Amino acid sequence: MGRAVDKNSAPHYYWGDKCSSWILMSRDSLSVKIETMPAGTRETLHYHSLARQFFFVVKGTAVFYIEGEPEVVNEQQGILIDPMVKHYIANETSEPIDFILVSQPDNDSTNDRTDCE
């Protein structure tokens, strides 16, 4: 049976430089999170061997560095990152950004992340 979930009821954790993640749904085959990145923060370059990730920017503008090339993703836009693609997300603005992250399979439960830096 389904039940509503939100940031107040979802498990929370910090990652990177004061970035936040709320786990809205997590199964071995799929995860859905809402994340916030403060102004001027970035993730480290990495790739996933198995996970395919879809990022949807809810608020703000994100820059994704994909195989070294920048890709600006504006509010209400999304981007798909396939397995084995080196990437990271950056907030190069003066305002926080919020985005939804869907991973298939759930890379947290499978430890499917290799850092490159």
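Residues numbered from 1 in each chain as written. Predicted model: local features only at pLDDT ≥ 70, side-chain atom pairs only at ≥ 80, totals over all residues. Heavy atoms only, no water.

**Overview of the packing of aromatic side chains**
Counting across every chain of the model gives 3 aromatic pairs. Taken together, a centroid distance of 5.8 Å and an interplanar angle of 45 degrees make the contact between F55 and F99 tilted. With a gap of 44 residues between them, F55 in strand β5 (residues 52-59) and F99 in strand β10 (residues 97-104) connect regions that are remote in the sequence. Judged by centre distance (4.8 Å) and plane angle (15 degrees), the rings of Y65 and Y88 are stacked. (Phe/Tyr/Trp six-rings, centres within 6.5 Å; stacked < 30°, edge-to-face > 60°. Helix = DSSP H or I, 4+ residues; strand = E, 2+ residues; numbered from the N terminus.)

**A closer look at the environment of I97**
Structurally, the position occupied by I97 is in strand β10. Residue I97 is classed as buried on the basis of its relative accessible area of 1%. Sequence-wise, I97 and G60 are 37 residues apart; in three dimensions their C-alpha atoms are separated by 4.7 Å. Those residues within four positions of I97 in sequence are excluded, and the remaining contacts are E35, T36, M37, K59, G60, T61, A62, I89, A90 and N91. (Buried < 20%, exposed > 50% of the residue type's maximum accessible area, 1.4 Å probe, protein only. Contact = heavy atoms within 4.5 Å.)

**Some details on the pairing of β5**
Relative to β10, β5 runs antiparallel, the two being bridged by 7 bridges. Across the sheet, the residue bridging to F54 is V102, located in β10. As defined by bridge partners, β5 adjoins strand β8 (residues 78-81) across 4 bridges and the pair is classed as antiparallel. Each residue of the ladder has a partner; that of Q53, found in β8, is I81. (Pairing = 2+ DSSP bridges.)

**Some points on unusual backbone geometry**
Cis geometry marks the peptide bond from Q104 to P105, where omega comes out at -5 degrees. As for its position among the elements, P105 is in the loop between β10 and α1 (107-110). Despite not being glycine, E67 has its phi angle at roughly 50 degrees, a positive value. The topology assignment puts E67 in the loop between β6 (62-66) and β7 (69-73).

**A short note on the sheet that holds β10**
Strand pairs in the sheet, formed through backbone hydrogen bonds, run parallel or antiparallel to each other. The strand order β1-β2-β3-β10-β5-β8 describes an open sheet built from 6 strands, whose pairing is antiparallel. Each having just a single partner strand, β1 (12-15) and β8 make up the two edges of the open sheet. On average, adjacent strands in this sheet sit at an angle of 25 degrees to one another, irrespective of strand direction. (Axes fitted to C-alpha atoms, helices over the stretch in contact; angles between N-to-C directions.)

Just geometry here; none of it tells us what the structure is for.
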